[in-house]
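What follows is each chain in one-letter form.
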Amino acid sequence: MSSGPERAATYREVFAVAEFRALFGAHLLSVVGDQFARVALAVLVFERTRSAGLTALTYALTFLPSLVAGPLLSGIADRLPRRSVMVAADLARAGLVALMAMPGLPLLVVGTLLVVVQFLAAPFNAARAATLPVVLEGDRYVVGSAVSNMSYQLAQLAGFASGGVLVSGFGPTEALLLDSASFIASAALVRFGLRARPAPELEAGHRRSWLRDIGAGSSLVWRDRKLRALVGLACISGFYITVEGLAVPYADHLGAGPAAVGLLMAANPAGALIGMALINQVPPRVRSRLLGPLAIAACAPLVGCAFDPGLEITLALWALSGLASAYQIVANAEFVRSVPDSRRAQAFGLAVTALIAAQGIGVLTAGVAADRFEPSAVVAVAGVLGMIAAVPMAVSWSRARVSSASQAA
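Definitions and limits used
- Residues numbered from 1 in each chain as written.
- Predicted model: local features only at pLDDT ≥ 70, side-chain atom pairs only at ≥ 80, totals over all residues.
- Heavy atoms only, no water.
- Helix = DSSP H or I, 4+ residues; strand = E, 2+ residues; numbered from the N terminus.
- Buried < 20%, exposed > 50% of the residue type's maximum accessible area, 1.4 Å probe, protein only.
- Contact = heavy atoms within 4.5 Å.
- Areas by Shrake-Rupley, 256 points an atom, 1.4 Å probe, with all protein chains shown as cover.
- Phe/Tyr/Trp six-rings, centres within 6.5 Å; stacked < 30°, edge-to-face > 60°.
- Lys NZ or Arg CZ within 6 Å of the ring centre and 35° of its normal.
- Core = buried A, V, L, I, M, F, W, Y, C linked by side-chain atoms within 4.5 Å.
- pLDDT = per-residue confidence, 0-100.
- Axes fitted to C-alpha atoms, helices over the stretch in contact; angles between N-to-C directions.
- Parallel < 35°, antiparallel > 145°, perpendicular 65-115°, else oblique.
- Left-handed = near helix turned anticlockwise from the far one by under 90°.
- Nonpolar A, V, L, I, M, F, W, Y, C, P; charged D, E, K, R; others polar.
- Salt bridge = Lys/Arg side-chain N within 4 Å of Asp/Glu carboxyl O.

Peer 1: Explanation requested: the overall build of the chain in the structure shown.
Peer 2: The helix and strand inventory of the chain stands at 21 helices and 0 strands. Taken over 409 residues, the chain has a buried fraction of 55%. Residue pairs in contact within the chain that sit at least 24 positions apart in sequence constitute 87% of those at least 6 positions apart. In the structure as shown, the chain presents an accessible area of about 16,600 Å², 67% of it carried by carbon and sulfur atoms.

Peer 1: Whenever I open this one, the packing of aromatic side chains confuses me. Can you help?
Peer 2: Two numbers describe a pair of aromatic rings. These are the distance of the centres and the angle of the planes. On inspection of all chains with the given rule, the structure shows 4 aromatic pairs. Here Phe20 and Phe24 contribute two aromatic rings whose centre-to-centre distance is 6.1 Å and whose plane-to-plane angle is 35°, an arrangement assigned as tilted. Here the residue Phe20 and the residue Phe24 both occupy positions in helix α2 (residues 18-49), the gap between them amounting to 4 residues, near one helical turn. Residue Phe20 is classed as buried on the basis of its relative accessible area of 0%. Arranged with centres 5.1 Å apart and planes meeting at 75°, the rings of Tyr250 and Trp318 form a pair that is edge-to-face. A residue pair is termed long-range when its members are at least 10 positions apart, and Tyr250 in helix α14 (residues 247-253) and Trp318 in helix α18 (residues 311-324) qualify at 68 residues. Assigned by exposure class, Tyr250 and Trp318 land together as buried. An aromatic cluster is built from Phe15, Phe20 and Phe24, whose rings are joined through pairwise contacts. In this structure, Arg93 is placed above the aromatic ring of Phe124, and the distance from its NZ or CZ to the ring centre is 4.7 Å.

Peer 1: Would you take a moment to explain unusual backbone geometry for this structure?
Peer 2: Backbone geometry follows two general trends: most residues other than glycine have a negative phi, and most peptide bonds adopt the trans configuration. Positive phi outside glycine occurs at Asp308, with the angle close to 50°. Structurally, the position occupied by Asp308 is in the loop between α17 (291-299) and α18. For Asp308, a relative accessible area of 38% translates into the label partly exposed.

Peer 1: Quick question: what am I supposed to make of the nonpolar core here?
Peer 2: Most often, soluble globular proteins have nonpolar side chains that are buried together. Of all hydrophobic cores here, the largest spans 86 residues; its most connected members are Phe20, Leu136, Leu291, Trp318, Tyr327, Phe335 and Val379. With 14 residues, the next largest nonpolar core counts Leu41, Leu61, Met100 and Val117 among its residues.

Peer 1: I tried to follow the confidence of the model for the chain on my own but got confused; where do I start?
Peer 2: Low-pLDDT portions of the prediction should not be read for the details of their coordinates. When pLDDT is averaged across the chain, the result is 80; 81% of the residues are at 70 or more. The least confident element of the chain, judged by mean pLDDT, is helix α10 (residues 210-223) at 61; the most confident is α17 at 94. Note that residues 1-5 has pLDDT below 50 and, in this model, 7 contacts with residues that lie over four places away or in other chains.

Peer 1: How should I be thinking about the packing of helix α6 (residues 82-100) against helix α9 (residues 172-193) in this particular structure?
Peer 2: Angle between the axes and distance between the axes are the two parameters that describe a pair of packed helices. Interaxial distance between α6 and α9 falls to 8 Å at its minimum, and their mutual angle equals 165°. Taken together, the axis directions place α6 and α9 in an arrangement best described as roughly antiparallel. The two elements α6 and α9 cross, and the hand of that crossing is left-handed. From α6, Arg83, Met86, Val87, Asp90, Leu91, Arg93, Ala94, Val97, Ala98 and Met100 reach across to α9, where they touch Leu176, Asp179, Ser180, Phe183, Ile184, Ser186, Ala187, Val190 and Arg191. Split into classes, the residues belonging to the contact of α6 with α9 amount to 12 nonpolar, 2 polar and 5 charged.

Peer 1: How do you make sense of the pattern of salt bridges when you look at a structure like this?
Peer 2: Any two side chains of opposite charge can pair, given that their charged atoms come close. In the structure shown here, the tally under the stated rule is 3 salt bridges. The partner of Glu19 in a salt bridge is Arg197, with the nearest N and O atoms 2.7 Å apart. Here the residue Glu19 occupies a position in helix α2, and Arg197 occupies one in the loop between α9 and α10, the gap between them amounting to 178 residues. In this structure, Asp90 engages Arg93 in a salt bridge whose closest nitrogen and oxygen atoms are separated by 2.9 Å. Highlighted residues: Asp90 and Arg93, both in helix α6, separated by 3 residues, approximately one helical turn. Exposure class is identical for Asp90 and Arg93. Each is buried.

Quick look at the structure:
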């Protein structure tokens, strides 16, 4: 069943593909576990140190390793069978997270293990992203990508909201053990739910080389105006993602407890989940036109935090930001479909490196600022700066889209 260029594929068409169902389930399980772990680690570090900066640093450690891992390790998924890469990465992460659950482990050791876990995420995510357009064709890939991102936001919502209650009632050890178990379950779904495929073949006349693959992927992204614009729009998330890194000190500033931390962390994913469901109903051609305006709109609600509203209004503002951030699924789909299969994992890894670097730097900078200023003021400034940065990115994408359409005609 195929869908025409002007008709969005349906959820029924997407879930009819058994391999997609396996990828979907694996992704859902591991992300829920990760959010349990993030809440546990954030609460643990803040309780021990009472430092917003160190708490944000711990959260940033879930992003910053991709500065190195993205370019160096994503290409593994272009060299080896992608199913094997995903299973091996999941099992390794399960073991490392189980070690993090050991009571009394020094924070330095926990942070080191966290960095290694995030290193292993790079080849897994690249392999998964490169496999999805092989499993789904045409607009089913766009809808499948949206469903995957919706599941990510739903898992974040469930993980953050229940993670605060779990950590408050039982402690961080149980949350980390659940994260470890989620990786094992994810590995099983991938191993038995996906068909074995060989590593992708390189274009004729080219040879595999670690450095050559990194250079080729970098050149592909940098020289293509359309790909550059998409990466730029994706990196705007570095401004509005700061709300998750500041959730613990923000809740403390409001006089709330761990349960409020989970709600604050869940607000942005909750809005994004609704936004993804809505944007998925928009005709394909219109989706691409919304990228720039939505990138600006994702930052705008955060400016309202300058008035230091209470918990309820803050949750609404952060949810509105998440609603507009749904543009990311369109940017991701446009990027992956524009890259040849033999270079897809490497190019994806490089793009994710830029994205996560922006997010990690944004979270870390906001955390340091929150040690000197009120968290509400820091979030508001991030919103203003994000809007300013999004405007030229939106203009660049609009020009690249028009140019691409003219060449296709």
